[in-house]
Amino acid sequence: MRVFSGIQPSGKIHIGNYLGSLMQWVSFQEKNECIFSVVDLHSLTVPYNPSLLEEKIFEKVIAYLAAGINPKKSIIFIQSQVKEHAELNWLLSVVTPVSELKRMTQYKEKAKKYPKNINAGLLNYPILMAADILLYDTDVVPVGEDQAQHLEMTRLIARNFNKRFGNVFKIPKAFIPKTGEKIMSLTEPTKKMSKSDKNPKSYITLFDSPEEIKKKIMSAQTDSGLKIEYNPKLKPGISNLLTIYSLFSETPINRLEKKFEGKNYKFFKENLADLLIEKLAIFREEKKKFKKDGGSLKRILDEGRKKAQVIAFKKMKKIKKSMGLTI
Ligand code: TYM
């Protein structure tokens, strides 16, 4: 199977991105042909600082590598370096209903958040995402729950295109994990953990220092009551922390409930902080390593770009031909 996924370089990559998406990529990598992109063009749709963008892009690549994506097995590349993404975005726009774009939750949320910057890119965002996926004849797209609607949109765009121009695109499927599909904010556990949250205490980034991890976990909002139990409706705070603990320790939640029976929240949180400090050490180490050796990161991205370009170029020819364009 061909697998494609990506993460935007906006904001800092956090444990929600990891548990909902990146961690799944690593398991797909063993038996599938995988392509992972840093989707920088998408990140231009919200206010950002151009002088910091490259650093943010590289940080995402380091996160992919530290998580276990092997550039010898999988393609890692930067979206804007393969021009066919932007080109296909335009071609797909002619089969995309504007009414559907306006329905997208992410568009509505971002438009509300940035009322002074409701640009066309924000609305057209799902078309570019469809281009990313369809350009590579993707079978499966591992993402968190918040991207389910965009995946449906991708499928709609592909079907619309195929109906009009012939059977050009595969219809991809989303892979959304059963646990970790929506990690919640540490400060407001009824809200999704988000890169663009103004309060850095609401998320733990993959590169946070041990001190930051400890501080954030100890101040995470918990619920009334004393028991460490999983009940997302009544106890969203502790349930979110249990989910995080379970995924990082590969221990089922009911075993954790037993393990922490009779213990208080403070004890549980100290344990969780220690676990995260240990499990995220690899990200901090890899970042240090690549800081000294930026050249190897560039080489990996160069290789990835070349491989992605070969696939994209071939596919674009077929797409353009099906639309009657001169190739
Ligand atoms: P982005 O950059 O917002 O998020 C990257 C991935 O992390 C998942 N995610 C979460 N999972 C669990 N809990 C959370 N709190 C959480 N927050 C984010 C997201 O679902 C995503 O899988 N539109 C995409 C980027 C994109 C893309 C693509 C993805 C562009 N083109 C093609 C797949 C295929 C996005 O904004 O992800």
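Conventions we followed
- Residues numbered from 1 in each chain as written.
- Predicted model: local features only at pLDDT ≥ 70, side-chain atom pairs only at ≥ 80, totals over all residues.
- Heavy atoms only, no water.
- Salt bridge = Lys/Arg side-chain N within 4 Å of Asp/Glu carboxyl O.
- Helix = DSSP H or I, 4+ residues; strand = E, 2+ residues; numbered from the N terminus.
- Buried < 20%, exposed > 50% of the residue type's maximum accessible area, 1.4 Å probe, protein only.
- Phe/Tyr/Trp six-rings, centres within 6.5 Å; stacked < 30°, edge-to-face > 60°.
- Lys NZ or Arg CZ within 6 Å of the ring centre and 35° of its normal.
- Domains from an automatic or database assignment.
- Contact = heavy atoms within 4.5 Å.
- Buried area = accessible area lost by both parts, 1.4 Å probe.

### A closer look at the pattern of salt bridges
Phase 1 of the analysis: Counting across every chain of the model gives 18 salt bridges.
Phase 2 of the analysis: Among the salt bridges present, the one from Lys-315 reaches Asp-137, with a minimum N-O distance of 2.8 Å. Pair noted here: Lys-315 is in helix H14 (residues 294–322) and Asp-137 is in the loop between helix H7 (120–134) and strand S4 (140–142), with a separation of 178 residues, a long-range link.
Phase 3 of the analysis: By relative accessible area, which is 6% here, Lys-315 ends up buried.
Phase 4 of the analysis: Since its relative accessible area comes to 26%, Asp-137 is described here as partly exposed.

### Let's talk about the packing of aromatic side chains
Phase 1 of the analysis: Applying the stated rule across the entire model yields 14 aromatic pairs.
Phase 2 of the analysis: Taken together, a centroid distance of 5.1 Å and an interplanar angle of 85° make the contact between Phe-28 and Phe-175 edge-to-face. Taken together, the residues Phe-28 in helix H1 (residues 15–29) and Phe-175 in strand S5 (residues 173–175) connect sequence positions 147 residues apart.
Phase 3 of the analysis: Residue Phe-28 is classed as buried on the basis of its relative accessible area of 13%.
Phase 4 of the analysis: Taking the centre distance of 6.0 Å and the plane angle of 55° together, the rings of Phe-77 and Tyr-136 count as tilted. Pair noted here: Phe-77 is in strand S3 (residues 75–78) and Tyr-136 is in the loop between H7 and S4, with a separation of 59 residues, a long-range link. Exposure class is identical for Phe-77 and Tyr-136. Each is buried.
Phase 5 of the analysis: Clustering of aromatic rings is evident, with ring pairs tying together Tyr-18, Phe-207, Phe-248 and Phe-283.
Phase 6 of the analysis: When the ring centre of Phe-267 is taken as origin, the NZ or CZ atom of Lys-263, which lies over that ring, is 5.5 Å away.
Phase 7 of the analysis: Sitting over the ring of Phe-207, Lys-287 keeps its end group 4.8 Å from the ring centre.

### Looking at the domain arrangement of the chain
Phase 1 of the analysis: What the domain assignment reports for the chain is domain 1 (2–181 + 294–323) and domain 2 (200–283).
Phase 2 of the analysis: Relative to domain 2, the C-alpha centre of domain 1 lies at a distance of 30 Å.
Phase 3 of the analysis: Between domain 1 and domain 2, the residue contacts involve 15 residues of the former and 12 residues of the latter.
Phase 4 of the analysis: A combined buried area of about 1200 Å² lies between domain 1 and domain 2, and 87% of that area is made up of carbon and sulfur atoms.
Phase 5 of the analysis: The interface formed by domain 1 and domain 2 contains 0 salt bridges.

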